[in-house]
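# Summary of structural features
Here is what each chain is made of, one letter per residue.
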There are 2 protein chains.
Amino acid sequence: MVTKQYKGTPEEAADLRRADSLAREIFGDIANKWALLIIEALGERTHRFSELRDDVEGVSHKMLTQNLRMLERNGLVDREVHPTVPPRVEYTLTEPGRALRATVDAMCDWTHRYLGDIEASRSRFDA
Amino acid sequence: MVTKQYKGTPEEAADLRRADSLAREIFGDIANKWALLIIEALGERTHRFSELRDDVEGVSHKMLTQNLRMLERNGLVDREVHPTVPPRVEYTLTEPGRALRATVDAMCDWTHRYLGDIEASRSRFDA
DNA sequence: CTGAATCCGCGGGGATACTG
DNA sequence: CAGTATCCCCGCGGATTCAG
C-alpha cells in the first residue's frame, strides 16, 4: 500500500514498519461500506443518533453504534452528550473527519459519473 | 447518499430511484478493503495475478479472484488472457478504474497525513 | 500459473429485549 | 432517545484440492 524504499538505521526501519501496519489497520477500519456512508451522511452539520439512522438508509442500530464508536475512537467524529431527559447525543465530523469526507465525496461523484458505463459493463459481462 | 429533491413525472422519479439503488449497489461493491487495496496496487501498470497476490499483502487467493471478477464485471479492470502455457493473465485499470484510483490515492494520503492524530486519539479513547 | 469448487469455522450483522 | 447485551444465523473468507 505505501511502503517506500528507505535506507536508514534499523530503528528507523522498525518505525516505518510500525507506521505502515498502523496505516493498514486504519485503512481497514474506514474502508467499509457503513463507515463511509456515515461520514458522507454527517456532511457539514451535526446529526443526532436517530437522524443518522434515518439518513444512512439500511443501517441497523447495531452497525450504526459500532461504526460511530470506531469513528470516535479514531478521532473522525466528535460525540457530544447533552445530559437532558430524554438524552440527546450529537455527532459532528472533526477536522480529520471532514478531510476524509472530501475523498468520500469524490467516491460518490465517481459512482454517479460512471453509473452508465458500469451498468453497460455489467450487462456485457453477465451475457 | 445522493437522492436529490426533484419534481418531475412519475416515470422520471422511478428512473431516479432506480439509478439511486444502482449507485448504492456499486458503492457497496467497491467500498470494501480488498477492492480498494487491489485498485491501489494496480496503479499505473498492468499486473499479473501472482504479482497482485504479492503486492496486496494479506489477500487470499480466493478474495483476490473474487474481487477481480467483481471489478472486471463493473468495468474497472481489464482482464487480458494470453493463451500460452503456462497461462498468463494480466489485469489493467480501465479509464473508470483509473479515475477511481485517484480517489483511493487520496484516501491513502489522508491515512498517512493523519496517522499521528489518529494514534493519539486512540490512546485517549482507550484510556 | 490461473482459477473453480468444496469444506468449514468464525464473526459480521440483524432482531430483540432491557437499562438510564 | 441513546446505548448495551444477548441470541442466533447466514455468509465471508481461509485452506485445500482439482482442472486447464
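Let me begin by describing the structure that accompanies this report. (Residues numbered from 1 in each chain as written. Chains lettered and ligands numbered in written order. Predicted model: local features only at pLDDT ≥ 70, side-chain atom pairs only at ≥ 80, totals over all residues. Heavy atoms only, no water.)

### Quick word on the relation of the copies chain A and chain B
Overlay of chain A on chain B (RMSD 0.0 Å): rotation 180°, translation along the axis 0.0 Å. Read as a symmetry element, the transformation amounts to a two-fold axis. Scanning chain A for the C-alpha nearest the rotation axis identifies Asn32 of chain A, at a separation of 2.4 Å. Residue by residue, 100% of the interface of chain A is reproduced at the interface of chain B, so both copies engage with the same surface. (Least-squares fit on C-alpha atoms with pLDDT ≥ 70 in both. Contact = heavy atoms within 4.5 Å.)

### Some points on the sheet that holds strand β3 (residues 88–93) of chain B
Residues and elements named next belong to chain B. Strands sit in the order β1-β3-β2 across an open sheet of three strands; the sheet is antiparallel. On the outer flanks of this sheet lie β1 (47–48) and β2 (77–82), each paired with one strand and no other. The pairing of β2 with β3 spans six bridges and is antiparallel. Across the sheet, the residue bridging to Arg79 is Tyr91, located in β3. Against the sheet, helix α4 (residues 61–73) makes contact with β2 and β3, and its axis sits at roughly 110° relative to β2, the strand it touches most. (Pairing = 2+ DSSP bridges. Helix = DSSP H or I, 4+ residues; strand = E, 2+ residues; numbered from the N terminus. Axes fitted to C-alpha atoms, helices over the stretch in contact; angles between N-to-C directions.)

### Overview of the packing of aromatic side chains
The geometry of two aromatic rings is summed up by the distance between their centres and the angle between their planes. Residues and elements named next belong to chain A. Throughout the structure, instances matching the rule amount to two aromatic pairs over all chains. On the numbers, 5.6 Å between centres and 40° between planes, the contact of Trp110 with Tyr114 is tilted. When sorted by exposure, Trp110 lands in the same class as Tyr114, which is buried. Directly above the ring of Trp34 sits Lys33, whose terminal nitrogen or CZ lies 4.9 Å from the centroid. (Phe/Tyr/Trp six-rings, centres within 6.5 Å; stacked < 30°, edge-to-face > 60°. Buried < 20%, exposed > 50% of the residue type's maximum accessible area, 1.4 Å probe, protein only. Lys NZ or Arg CZ within 6 Å of the ring centre and 35° of its normal.)

### Digging into the sheet that holds strand β2 (residues 77–82) of chain A
All names here are of chain A. Taken in spatial order, the three strands of this open sheet run β1-β3-β2, and their pairing is antiparallel. Each edge of the open sheet is held by one strand with a lone partner, namely β1 (47–48) and β2. Helix α2 (residues 33–42) rests against β1, β2 and β3 (88–93) of the sheet, and its axis sits at about 95° to β3.

### Topic: the protein's contact with DNA strand C
Around DNA strand C, 16 residues are found, and the nearest of them are Ser60 and Lys62 of chain A together with Ser50, Arg79 and Tyr91 of chain B. In the model, a sugar or linking oxygen of DNA strand C is placed 3.0 Å from a nitrogen or oxygen of the Arg48 of chain B side chain. Listed by contribution, the elements that provide at least two residues to the surface near DNA strand C are α4 (61–73) of chain A together with α3 (49–55), α4 and β3 of chain B. The leading source of residues in the surface near DNA strand C is α4 of chain B, at four residues. For the surface near DNA strand C, the residue count by class is seven nonpolar, four polar and five charged. (Near = heavy atom within 4 Å. Polar contact = N/O pair within 3.5 Å; in protein donor to acceptor, adjacent residues only side chain to side chain. Nonpolar A, V, L, I, M, F, W, Y, C, P; charged D, E, K, R; others polar.)

### What to know about the pattern of salt bridges
Counted according to the given criterion, the structure contains 16 salt bridges over all chains. The residue Arg101 of chain A makes a salt bridge to Glu44 of chain A at a minimum N-O spacing of 2.6 Å. Note that Arg101 of chain A is positioned in helix α5 (residues 95–113) and Glu44 of chain A in the loop between α2 and β1, a separation of 57 residues in sequence. Note on Glu44 of chain A: relative accessible area 63%, which makes it exposed. A salt bridge links Glu72 of chain B to Arg69 of chain B; the shortest N-O distance between them is 3.9 Å. On the criterion of helical spacing, the pair formed by Glu72 of chain B and Arg69 of chain B is a turn pair, its members being three residues apart in helix α4. In this structure Glu72 of chain B comes out as buried when scored by relative accessible area, which is 18%. For Arg69 of chain B, a relative accessible area of 29% translates into the label partly exposed. (Salt bridge = Lys/Arg side-chain N within 4 Å of Asp/Glu carboxyl O.)

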